[in-house]
Amino acid sequence: MPIRVRIRYWSWFKDLTHTPESECTLPDGATVADVLHRVHQEHPRLAEARKSTLVAVGVEYQPPDHILHEGDEVSLFPPVQGG
Amino acid sequence: MHRHLELTAAPIPLGDLAASRVESSTSGAVITFLGVVRGSEAGQPIAALDYEAFEPMARHQFEKLFQTMETRWPSLESTRLVHRYGIVPAGQPSLWVEVTAPHRGDAFAACQWLIDEMKRVVPIWKRTVPTP
């Protein structure tokens with residue numbers, strides 16, 4: 001059963017994607033790495049920032065092998081700069 | 001440990017925060033830190049910084065940092081933090097932190113650690129707003 005996830009882009013990543021969010025459908029068992037692969041295909045300029053990209057699912061940071069579930073919200077953003 | 005966290009678009013009310021500190025007969029150290037927007041960035045004058053926060057995650061990550069502080073420095077009595085988002089003009093504070101403890105060593109160390117970790121894990125970003 002495929003799953004749908006929402007992808008949110010933050011900071012200057014929004015400038016690269018020209019949108020604050022998107023959705024994608026993935027096969028059951030898909031991981032954060034699968035989302036990144038899909039996003040990088042759609043937005044090659046975001047792929048250039050892959051080494052510094054941070055990923056959260058919900059409000060927690062997650063590694064590439066984290067398995068996603070229906071309705072998850074995946075956030076992609078550059079290094080944080082608070083203060 | 002008493003905790004207070006505020007993410008706000010409004011100017012940080014320094015006087016109110018100072019007045020609302022919970023007084024304790026055991027707190028011998030009260031460390032406060034202000035992060036202030038500089039008037040230049042990379043050698044160029046700027047008017048302001050425009051802060052963006054992923055607020056639910058920022059709150060969650062701050063709470064996790066507070067939890068770690070409680071474990072690492074059990075003597076801490078209070079940690080209060082206010083971070084602004086939106087446009088913060090040069091010269092105004094974007095961050096206010098207060099840490100209280102019986103002794104200054106733990107208070108200084110915990111305050112420094114909190115700010116360092118915030119800059120590593122709390123999803124807040126800034127963009128420069130050039131001078132007109």
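For the structure, check the block above.
This section reports on the structure supplied with the text. Not measured: the values here are computed from a predicted model. Positions within a chain are numbered from 1, following the residues in the order the chain's sequence is written. As they are written, the chains are lettered A onward and the ligands numbered 1 onward, keeping that order. Under the rules for a predicted model, residues below a pLDDT of 70 receive no local features and side-chain atom pairs below 80 are neither given nor counted, while totals for whole chains, interfaces and linings still include all residues. Excluding hydrogens and water, the side-chain values take into account all heavy atoms of the structure.

## Observations regarding the overall build of chain A
Okay, step 1: Helix and strand definitions here come from DSSP, where helices need a minimum of 4 consecutive H or I residues and strands a minimum of 2 consecutive E residues; each element is numbered from the N-terminal end. Helices and strands together make up the secondary structure of chain A, namely three helices and five strands.
Okay, step 2: Beginning at the N terminus, the succession of helices and strands in chain A can be written as β-α-β-α-α-β-β-β.
Okay, step 3: A radius of gyration in this sense is built from C-alpha atoms; the matching globule rule multiplies 2.2 Å by the number of residues raised to 0.38. Computed over C-alpha atoms, the radius of gyration of chain A comes to 12 Å, within 12% of the 12 Å expected from 2.2 N^0.38 for 83 residues, which places it in the range of a compact globule.
Okay, step 4: Projecting the C-alpha coordinates of chain A onto the three principal axes gives extents of approximately 40 × 25 × 20 Å.
Okay, step 5: Only protein chains enter the accessibility calculation, which uses a 1.4 Å probe. A residue is then buried if its area is under 20% of the maximum for its type, exposed if over 50%, and partly exposed in between. Within chain A, buried positions represent 45% of all 83 residues.
Okay, step 6: Reported accessibility uses the Shrake-Rupley method at a 1.4 Å probe radius. Residues are deemed covered only where the shown protein chains occlude them. Surface summary for chain A: the accessible area is close to 4,400 Å², and the carbon and sulfur share equals 54%.
Okay, step 7: Counted charges follow a simple rule, with Lys and Arg positive, Asp and Glu negative, and His plus the chain ends left uncounted. Lys charges are placed at NZ, Arg charges at CZ, Asp charges at CG and Glu charges at CD. Across chain A, 8 positive and 12 negative side-chain charges occur, with their mean positions spaced 7 Å apart.

## Some points on the interface of chain B and chain A
Many structure descriptions define interface size as the accessible area lost when the parts assemble.
Okay, step 1: Throughout, a residue-residue contact means that at least one pair of heavy atoms, one from each residue, lies within 4.5 Å. Chain B puts 22 residues into the contact, and the matching count from chain A is 20 residues.
Okay, step 2: Each salt bridge in this description consists of a side-chain nitrogen of Lys or Arg and a carboxyl oxygen of Asp or Glu lying within 4 Å of one another. Linking chain B with chain A are three salt bridges.
Okay, step 3: For Lys-64 of chain B, the salt bridge goes to Glu-60 of chain A, with nearest N and O atoms at 2.8 Å.
Okay, step 4: Polar contact is defined as a pair of N or O atoms within 3.5 Å, subject to the rule that within protein one atom must be able to donate a hydrogen and the other to accept it, and that residues adjacent in sequence are counted only when both atoms are side-chain atoms. There are 17 residue pairs in polar contact (both at pLDDT 80 or more) connecting chain B and chain A.
Okay, step 5: Broken down by secondary-structure element, the contributors of at least two residues to the side of chain B that touches chain A are strand E4 (44-53), helix H2 (55-72), strand E7 (93-101), helix H3 (104-121) and strand E8 (124-130) of chain B.
Okay, step 6: Residue contributions to the side of chain B that touches chain A peak at five residues, all from H2 of chain B.
Okay, step 7: Residues are grouped as follows: Ala, Val, Leu, Ile, Met, Phe, Trp, Tyr, Cys and Pro are nonpolar; Asp, Glu, Lys and Arg are charged; every other residue, Gly included, is polar. By residue class, the composition of the side of chain B that touches chain A is twelve nonpolar, four polar and six charged.

## Section: unusual backbone geometry
Okay, step 1: A positive phi angle, near 60°, is found at His-18 of chain A, a position not held by glycine.
Okay, step 2: Checked against the element boundaries, His-18 of chain A lands in the loop between helix H1 (13-17) and strand E2 (21-26).
Okay, step 3: Judged by relative accessible area, which is 72%, His-18 of chain A ranks as exposed.
Okay, step 4: Residue Ala-42 of chain B is not a glycine yet carries a positive backbone phi of 50°.
Okay, step 5: Here Ala-42 of chain B is to be found in the loop between strand E3 (40-41) and E4.
Okay, step 6: A relative accessible area of 81% means that Ala-42 of chain B is categorised as exposed.

## So, the sheet that holds strand E5 (residues 78-84) of chain B
Residues and elements named next belong to chain B.
Okay, step 1: The strand order across the open sheet built from four strands is E1-E5-E7-E2, with neighbouring strands paired in mixed fashion. The outermost strands of the open sheet, each flanked by one partner alone, are strand E1 (2-8) and strand E2 (29-36). Across the sheet, the mean angle from the axis of one strand to that of its neighbour is 5°, orientation sign disregarded.
Okay, step 2: Pairing analysis gives seven bridges linking E1 to E5, with the strands arranged parallel. Note that in E5 the partner of His-4 across the bridge is Arg-80.
Okay, step 3: Against the sheet, H2 engages E1, E5 and E7, with an angle of about 155° to E1.
Okay, step 4: Note on method: axes are straight lines fitted to C-alpha atoms, helices fitted across the in-contact stretch only, with angles between N-to-C directions ranging 0 to 180 degrees. Its contacts with the sheet place H3 against E2, E5 and E7, and it is angled at close to 145° to E7. Note on pairing: two strands pair once DSSP finds at least 2 bridges between them.

## Notes on the nonpolar core
Okay, step 1: Counting 32 residues, the largest nonpolar core has Phe-62, Met-69, Leu-81, Val-97, Val-99, Leu-114 and Val-122 of chain B as the members making the most contacts within it.
Okay, step 2: Secondary-structure elements contributing two or more residues to this core are E1, E2, E4, H2, E7 and H3 of chain B.
Okay, step 3: Sorting elements by how many residues they give to this core places H3 of chain B first, with eight residues.
Okay, step 4: If sequence neighbours within four positions are ignored, Val-122 of chain B has contacts with Tyr-61 and Val-80 of chain A together with Ala-58, Gln-61, Phe-62, Leu-65 and Glu-117 of chain B.
Okay, step 5: Residues Ile-3, Ala-30, Val-32 and Val-57 of chain A belong to the second largest nonpolar core, which totals 20 residues. Within this scheme, the nonpolar core is defined by two criteria: the residues are buried Ala, Val, Leu, Ile, Met, Phe, Trp, Tyr or Cys, and they are joined through side-chain atoms within 4.5 Å.

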